[in-house]
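Single-letter residue listing:
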Amino acid sequence: MADEPRPDRPALDIHFPPSLASLRPRLDALLDDFDPFAVEETGHGARRVWFFAPGARDAAARAIQQALGRDGAQVVPRDLPDDGWAERSQAELAAIRVGTIVVAPPWDPPARDAPALVVEIVPSTGFGTGHHASTRLCLVLMQRMHKDLAATPRVIDLGTGSGVLAIAAVRLGARAATGVERDPDALRNARENVERNRVAGAIDLLEADFTLPAPQTTSIGTASVVTANLTGSLFAAQAPAVLQHVAPGGLLVASGFTDGEEAGVRAALRAAGAVVAREIEDHWVGLAFRRSAAVGPR
Ligand code: SAH
């Protein structure tokens, strides 16, 4: 496998001087909108961000230039041979613990005597190894809201990535979960993880874009618990598309946005219900949101 020639990959070198450290969360949130598959710290405040497609890389370059160029951020697009850095860095990932849940790669299983609900995740180029604060925030909120999980016949996980939240939902007592994902590579990884965790009987995976209106998304349906670790701009622009999958009176566990984006996300959700729990880690925010029992505005 290592001998196969690898095609060049679109990347972006971002020079972000240490004096701009406080703007880092904004940069991270901006990048998230363009589906980067790996971020490499290259030293002296510089980072190399790898993308799946040149179009996304170019759009990210423009967005960063526009939002942070005046503050001194510099971006240089590159097409570089993929030397397997992303895979190598993933091979070094260790297990993380969030409350009673341990998210572990196959090579770092938790000790047998440490009581834990284990979610085994094979790291891939998709998102969802538990090494991003937003995934951990969802896991914390799901444990805080465990009564909702235990009571619901099904959880819908919008943007399931590796499947980590869908599998965790089942570990935490949900009877079933549906993971929705539009990226076929991520979906392949989610399938592998569902098999490994022996929860194939409880978890359905759907390849779909959940923001499309019915009837395209009718197969997803609604649930009284929905998890959605997405982005600030997606929530702000597409809140009704997310909420169409949350049953009246149901719970939405939402993350993937920074404290700077939180007001916009809350404003987009406000008419439909109320925030009932909030968690924050390193500028990333997670909200548990209860949809009004009456059918709210769409
Ligand atoms: N749930 C995982 C992964 C979150 S990353 C975790 O918490 O770690 C967000 C995922 O949402 C990505 O895999 C992305 O491909 C997917 N996604 C983003 N917008 C989507 C859309 N409109 N429809 C389906 N999937 C989407």
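Residues numbered from 1 in each chain as written. Predicted model: local features only at pLDDT ≥ 70, side-chain atom pairs only at ≥ 80, totals over all residues. Heavy atoms only, no water.

A. Examining helix H2 (residues 54-68) more closely. Over its 15 residues, H2 runs 21 Å from end to end, which matches the ideal 21 Å to within 8%, given 1.5 Å per residue. Among the structural elements, strand E1 (8-15), helix H1 (24-32), strand E3 (46-51) and strand E4 (74-81) are those in contact with the buried residues of H2. (Helix = DSSP H or I, 4+ residues; strand = E, 2+ residues; numbered from the N terminus. Expected span 1.5 Å × (residues − 1). Contact = heavy atoms within 4.5 Å.)

B. Broad picture of the packing of aromatic side chains. According to the stated counting rule, one finds 1 aromatic pair in the structure shown. Aromatic pair Phe235 and Phe257: ring centres 5.7 Å apart, planes at 80°, arrangement edge-to-face. Of this pair, Phe235 sits in helix H8 (residues 232-243) while Phe257 sits in strand E12 (residues 246-258); the two residues are 22 residues apart in sequence, bridging distant segments of the chain. Judged by relative accessible area, Phe235 falls into the buried class, the value being 0%. (Phe/Tyr/Trp six-rings, centres within 6.5 Å; stacked < 30°, edge-to-face > 60°. Buried < 20%, exposed > 50% of the residue type's maximum accessible area, 1.4 Å probe, protein only.)

C. Representation of helix H4 (residues 133-144) in the model. Taking 1.5 Å per residue, 12 residues should reach 16 Å; H4 reaches 16 Å between its end C-alpha atoms and fits that length. Among the 12 residues that make up H4, 10 are buried, leaving the element largely enclosed by the rest of the structure. Along H4, the positions that sit buried rather than exposed are Ala133, Ser134, Thr135, Arg136, Leu137, Cys138, Leu139, Leu141, Met142 and Gln143.

D. Layout of unusual backbone geometry. Even without glycine at this site, Asp35 takes up a positive phi of about 50°. One non-glycine residue with positive phi stands out, namely Asp282, at about 50°. Its place among the elements puts Asp282 in the loop between strand E13 (273-281) and strand E14 (284-291). According to the relative accessible area criterion, Asp282 is exposed, its value standing at 62%.

E. Looking closely at the packing of H8 against helix H9 (residues 259-269). As a packed pair, H8 and H9 sit with axes 8 Å apart at the nearest point and diverge in direction by 15°. When the axis of H8 is compared with that of H9, the two are roughly parallel. The chirality of how H8 crosses H9 is right-handed. Here H8 contributes Gly232, Ser233, Phe235, Ala236, Ala239 and Leu243 to the contact with H9, which in turn contributes Glu261, Gly264, Val265, Ala268 and Leu269. Looking at the contact of H8 with H9 residue by residue, the class counts come to 7 nonpolar, 3 polar and 1 charged. (Axes fitted to C-alpha atoms, helices over the stretch in contact; angles between N-to-C directions. Parallel < 35°, antiparallel > 145°, perpendicular 65-115°, else oblique. Left-handed = near helix turned anticlockwise from the far one by under 90°. Nonpolar A, V, L, I, M, F, W, Y, C, P; charged D, E, K, R; others polar.)

F. The sheet that holds strand E2 (residues 36-43), seen in detail. An order of E2-E3-E1-E4 is seen for the 4 strands of this open sheet, with the pairing classed as antiparallel. With partners counted over all chains shown, the strands left at the sheet margins are E2 and E4, one partner each. Between one strand axis and the next, the sheet turns through 25° on average, direction left out of account. Note: E1 against E3, 5 bridges, orientation antiparallel. Counterpart to Ile14 in the pairing with E3 is Arg47. Most of the contacts of H1 go to E3, to which it runs at about 15°, and overall it touches E1, E2 and E3. (Pairing = 2+ DSSP bridges.)

G. Summary view of the sheet that holds strand E6 (residues 101-104). Reading across from one edge, E5-E6-E7 is the order of the 3 strands in this open sheet, with mixed pairing throughout. The outermost strands of the open sheet, each flanked by one partner alone, are strand E5 (96-98) and strand E7 (117-120). Along the sheet, successive strands turn relative to each other by an average axial angle of 25°, direction set aside. In terms of strand pairing, E5 meets E6 through 3 bridges, oriented antiparallel. In the sheet register, Ile96 faces E6, and the bridge partner there is Val103.

By themselves, these observations are geometric and do not establish any function.
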